[in-house]
Amino acid sequence: MKRSSLQIKDRRRFLRLLAASPLLALPGRAHFLLQELLASGHAGTKDALTLFESLEQGETLITSAEQAFDVMDFEPVARKNLPPAHFGFLATGVDDDATVRANREGFTKLQIRSRRLVDVSNIDMSVRLFGTSWDSPIVLSPVGDQRAFHPEGEIAAAKAARTKGHLQILSTVTSYSVEDVTAARGAPIWFQLYVSNVWDIVRAMIKRAEAAGCPVLVLTVDLKEGSNRETLFRAERADSRQCSMCHTNGFMGFGRVAARPMFAGLDISKATNLISQALTWDYVKRLKDTTTMKLVLKGIVTREDAQLAVEHGVDGIIVSNHGGRAEETLRSTIECVPEVLEGSARKIPVLVDGGFRRGTDIFKALALGATAVGIGRPYAWGLASFGQPGVEAVLTILRRELQTIMRQAGTTSIDKITSAYLAKRA
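In short, a report on the structure. (Residues numbered from 1 in each chain as written. Predicted model: local features only at pLDDT ≥ 70, side-chain atom pairs only at ≥ 80, totals over all residues. Heavy atoms only, no water.)

Brief notes about the overall build of the chain
- The helix and strand tally for the chain stands at 17 helices and 12 strands.
- By residue count, 55% of the 426 residues in the chain fall in the buried class.
- In the chain, once contacts between residues fewer than 6 apart in sequence are set aside, the share between residues at least 24 apart is 72%.
- Put simply, the chain shows about 18800 Å² of open surface, and 50% of that area lies on carbon and sulfur atoms. (Helix = DSSP H or I, 4+ residues; strand = E, 2+ residues; numbered from the N terminus. Buried < 20%, exposed > 50% of the residue type's maximum accessible area, 1.4 Å probe, protein only. Contact = heavy atoms within 4.5 Å. Areas by Shrake-Rupley, 256 points an atom, 1.4 Å probe, with all protein chains shown as cover.)

Remarks on unusual backbone geometry
- The residue His322 is not glycine, and still its phi comes out positive at about 65 degrees.
- Tracing the chain through its elements places His322 in the loop between strand 9 (316–319) and helix 14 (333–344).
- If you check the backbone angles, Arg346 has positive phi at about 55 degrees while not being a glycine.
- Counting through the fold element by element, Arg346 comes out in the loop between helix 14 and strand 10 (350–353).

Comments concerning the side chain of Glu339
- Examined against the element boundaries, Glu339 turns out to sit in helix 14.
- Taking the relative accessible area as the measure of exposure, Glu339 reaches 16% and is therefore buried.
- Among residues more than four places away in sequence, those in contact with Glu339 are Val301, Thr302, Arg303, Glu304 and Arg331.

So, the pattern of salt bridges
- The tally for this structure, following the rule as stated, stands at 14 salt bridges.
- Where Asp361 meets Arg104, a salt bridge forms, and the shortest distance between an N and an O atom there is 2.8 Å. Placement of Asp361 in helix 15 (residues 359–368) and of Arg104 in helix 6 (residues 98–105) is noted, with a sequence separation of 257 residues between them.
- By relative accessible area, which is 3% here, Asp361 ends up buried.
- Judged by its relative accessible area of 30%, Arg104 falls in the partly exposed class.
- Of the charged contacts in the structure, one is a salt bridge between Glu339 and Arg331, with a shortest N-O distance of 2.4 Å. (Salt bridge = Lys/Arg side-chain N within 4 Å of Asp/Glu carboxyl O.)

What to know about the packing of aromatic side chains
- Scanning the entire structure with this criterion turns up 6 aromatic pairs.
- Judged by centre distance (5.8 Å) and plane angle (70 degrees), the ring pair of Trp199 and Tyr283 falls under edge-to-face. Within this pair, whereas Trp199 is found in helix 9 (residues 199–211), its partner Tyr283 is found in helix 12 (residues 281–290), the two being separated by 84 residues in sequence. Each member of the pair Trp199 and Tyr283 is classed as buried.
- Measuring from ring centre to ring centre gives 6.4 Å for Phe363 and Tyr421, while their planes differ by 85 degrees; the resulting arrangement is edge-to-face. Residue Phe363 is found in helix 15, and its partner Tyr421 is found in the loop between helix 17 (388–409) and strand 12 (422–424); the two are separated by 58 residues along the sequence. (Phe/Tyr/Trp six-rings, centres within 6.5 Å; stacked < 30°, edge-to-face > 60°.)

Considerations on the pairing of strand 11 (residues 372–375)
- Residues of strand 11 alternate between two faces, with Ala372 and Gly374 on one and Val373 and Ile375 on the opposite face, all of them buried.
- Sheet topology places strand 4 (residues 138–140) next to strand 11; 3 bridges connect them, and they run parallel. Directly across from Val139, in strand 11, lies its bridge partner Gly374.
- Direction of pairing for strand 10 relative to strand 11: parallel, over a ladder of 3 bridges. By the bridge assignment, Leu351 is partnered in strand 11 with Ala372.
- Each parallel crossover has a hand, and for strand 10 linked through helix 15 to strand 11 it is right-handed. (Pairing = 2+ DSSP bridges. Right-handed = clockwise from strand over helix to strand, strands pointing away.)

Remarks on the environment of Gly390
- Looking at the secondary structure, you find Gly390 in helix 17.
- Sequence-wise, Gly390 and Ala65 are 325 residues apart; in three dimensions their C-alpha atoms are separated by 5.2 Å.
- If near-sequence neighbours (up to four positions away) are discounted, Gly390 is found in contact with Ala65, Phe74 and Gly382.

Details of the nonpolar core
- Judged by nonpolar contacts, the single largest core of 120 residues is most densely connected at Phe191 and Leu193.
- It is helix 17 that provides the largest number of residues to this core, a total of 10 residues. (Core = buried A, V, L, I, M, F, W, Y, C linked by side-chain atoms within 4.5 Å.)

Points about the sheet that holds strand 4
- Pairing is parallel across the open sheet formed by 8 strands, whose spatial order is 4-11-10-9-8-7-6-5. Looking at strand neighbours, the two that pair on one side only are strand 4 and strand 5 (169–170), the edges of this open sheet.
- Bridge analysis of strand 9 against strand 10 gives 3 bridges, and the strand direction is parallel. Looking at the pairing, Val319 lines up with Val352 of strand 10.
- This element, helix 17, spans strand 4 and strand 11 of the sheet and lies at about 160 degrees to strand 4. (Axes fitted to C-alpha atoms, helices over the stretch in contact; angles between N-to-C directions.)

Quick word on helix 9
- Across its 13 residues, helix 9 extends 18 Å between first and last C-alpha, which sits within 8% of the 18 Å expected from 1.5 Å per residue.
- Trp199, Ile201, Val202, Met205, Ile206 and Ala209 are the residues of helix 9 that are buried. With its buried residues spanning 160 degrees around the axis, helix 9 presents them on a single face. Residues of helix 9 that are exposed and point over 90 degrees away from its buried face: Asp200 and Ala211.
- Buried residues along helix 9 sit against strand 6 (190–193), strand 7 (216–220) and helix 12.
- Within two residues after helix 9, Gly213 carries a phi angle of roughly 95 degrees, on the positive side. (Expected span 1.5 Å × (residues − 1). Arc of directions from axis to C-beta.)

Any functional reading would require information beyond the geometric quantities listed.
And the structure:
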């Protein structure tokens, strides 16, 4: 028995190494099979042979955004188009990438209870956030360095968000300025903030976002130091290109972000870290006293912190684990939503991101009580695959899937999607 357990462990270690290796660009179907093998815990020789047969047979990649059946169709195209290190940056979690997988597996623990004989001729997917109405609850979450995926980067994403009418949140480490992205979006965007160890840098960035018309400041609170992103590190090792400017001093090193547009003209000589390790609730008060923008905390995952957020006057919460890129908690964000809502007493909007790939995933989050849902990797795959049309296609697919499950479940508007439409899987 002990020997058998060791063999299974060795096989799983081998398959994980295979999945993480940037030398082996797994096609979508084979990649999905590998993830299923890892999740099952029973990966054996026969399973591995099936995987390699899939690899040998290959897979036909879509050649235009319109050919995609679902958002996962964009991932293998992005893998093919991008250099190993750039795809590794997009794909990576931390340690064994287990929390990345947990974000997906969390949705399988919830079932949808569909109601019948409801007139669903008209479906209203609109939501309101801080007084602004949006046609859809689907939000573009902040993803940094988007020019690493496509030359137009955040500009292409903004144009797609404009065409489809979606909210966009811009990363501190954007590769285009907040002014340029706002212009491309044609409407105000939210600005995500990393707090460095120098207050003057933080204050200048806040005032710049405020001047650009951003109504909401999104403070990320779930990173305190460089995380162990092994998939990224292996990808960088396999990448033969010279790109020291991008990767100097590691992920959290300031050398990596000094040339980014949001740091232009700032004195960064005293900055040693992109993210301050001294971030506390007192700092939240300091931010609120500094800006007229609404303040949303991104990275809250517990009842206790949600309650503290309300007590400290925070205007909203994004339940997030950084897409599994911050810490290996093995806890999905969808599983965190109920207790965060309980802690906030539903007094402020609660959004969620992490692992959303289907309209049914979005439906489940809304049924739990989330106000809106953020996507990250899916639209980055679309961007890397086909630029703006790829991002638009991702948004179109998710909206279509959400509309379909709303009709099937008998819910005609977002406010009618409640916990009554969910059951826990035994």
